[in-house]
Amino acid sequence: MELNNKPMHRIISYNNTLYDENTGAVTAFSRAVHYGDGVFETIRARGERAFRLDDHLERLCTGLKVLRIPLPRLPELKAEVSEVLRANGLPESRVKIIAFRSGPPGPTPAATREPCTLITVDTIDHDALNCNAAGITAGIAAIRRNTTSPLCGIKSLNYLDNICARMHAADNGHLEALFLNQHGFVAEGATSNVFMVQDNALRTPPPGSGALPGITRRVLFEIAKALCLPCDECDISPEELKAADEIFLTNAGSGVMPLTRLDKETISNGKPGPVTLRCQAAYNEILTWETEPAP
């Protein structure tokens, strides 16, 4: 892989070539810019090792299939991730992979042979990470998840529902917003999956409710099995959620985040619960172990 121009800031990878972040590699007529015609994945990494990269690429390809965008060559894309991580040289980072349809703007896309791929790497904000780990608050969004939409369940570049919900949540002093679906059941957070704890058992909305099949969510199923915690996928009403013993949210960027308040309701005693803390510790251990530098 060649490096175009001398790197001055962060280094990105666009279509298997490294650029300085300010080079402007992506054209102004990109379909990602004009339509959000693509998907993305956000991944934690330590050094050159991205956590659960294969799982993220599998979900990336699922989203591309829904949008009828040709799939990337995965061995090359994995090598590209390693290359851009190596070029940035950060001890810990967040990697973002964006894959979008090539071709000119227009409401009906022309056939394309392969997607454009953009990979960025950014530093970890440890202060924000620690704050999230200690507990966050959320509000229920007025916007509903539409389970009939083909975009429901994939990480589309069209993120406007999520952005609007997060802005409204911030207006009310919350970090996160939780979506209900059109049937009134809990679907997911704007940037997270939702777990509730009741009688030492986990419950989480199923993908059919509008929940994204999160990679961290998948890890939590592994953790629940290892800790002998029952874990069920089932519909959850907002009233059931607010009455839970504990609630936590999960995503790739922050791992396990205790939810201490939902709207005006304090969850339990307003502090991270014991089951949440066990799951959080187990997740952090898995993340650390799987991203240890190769000997």
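What counts, and where the lines are drawn
- Residues numbered from 1 in each chain as written.
- Predicted model: local features only at pLDDT ≥ 70, side-chain atom pairs only at ≥ 80, totals over all residues.
- Heavy atoms only, no water.
- 1 Å grid on protein atoms, 1.4 Å probe; cavity = no way out; pocket = protein on both sides within 12 Å on 5 of 7 lines; lining within 4 Å.
- Points joined across faces, edges and corners; volume = space filled by probe spheres on them.
- Helix = DSSP H or I, 4+ residues; strand = E, 2+ residues; numbered from the N terminus.
- pLDDT = per-residue confidence, 0-100.
- Contact = heavy atoms within 4.5 Å.
- Expected span 1.5 Å × (residues − 1).
- Buried < 20%, exposed > 50% of the residue type's maximum accessible area, 1.4 Å probe, protein only.

**As for empty space enclosed by the protein**
Right, so step 1: Applying the stated criterion across every chain, the model contains two cavities of 30 Å³ or more.
Right, so step 2: In this model, the largest cavity occupies a volume close to 50 Å³.
Right, so step 3: What lines the largest cavity is simply Asp245, Glu246, Ile247, Pro258, Leu259, Thr260, Ile267, Ser268, Lys271, Pro272 and Gly273.
Right, so step 4: With three residues, strand β15 (residues 255-262) is the largest single contributor of residues to the lining of the largest cavity.
Right, so step 5: Lining the second largest cavity, in full, are Ile43, Arg44, Phe51, His56, Ile215, Thr216, Ala252 and Tyr283.
Right, so step 6: Those elements giving two or more residues to the lining of the second largest cavity turn out to be β4 (38-46) and α6 (215-226).

**Structural notes on the confidence of the model for the protein**
Right, so step 1: Per-residue pLDDT for the protein has a mean of 95; in total, 97% of the residues score no lower than 70.
Right, so step 2: When the criterion is pLDDT under 50, residues 1-7 qualifies, and its contacts beyond four places in sequence or with other chains add up to 17 contacts.

**Here we look at helix α2 (residues 53-66)**
Right, so step 1: Taking 1.5 Å per residue as the helical rise, α2 with its 14 residues ought to reach 20 Å, and the 20 Å between its terminal C-alpha atoms agrees with that figure.
Right, so step 2: Within α2, the full set of buried residues consists of Leu53, Asp55, His56, Leu57, Arg59, Leu60, Cys61, Gly63 and Leu64.
Right, so step 3: At its buried positions, α2 is contacted by β4, β5 (49-50), α3 (74-88), β6 (92-100) and α6.
Right, so step 4: Within two residues after α2, Arg68 carries a phi angle of roughly 60°, on the positive side.

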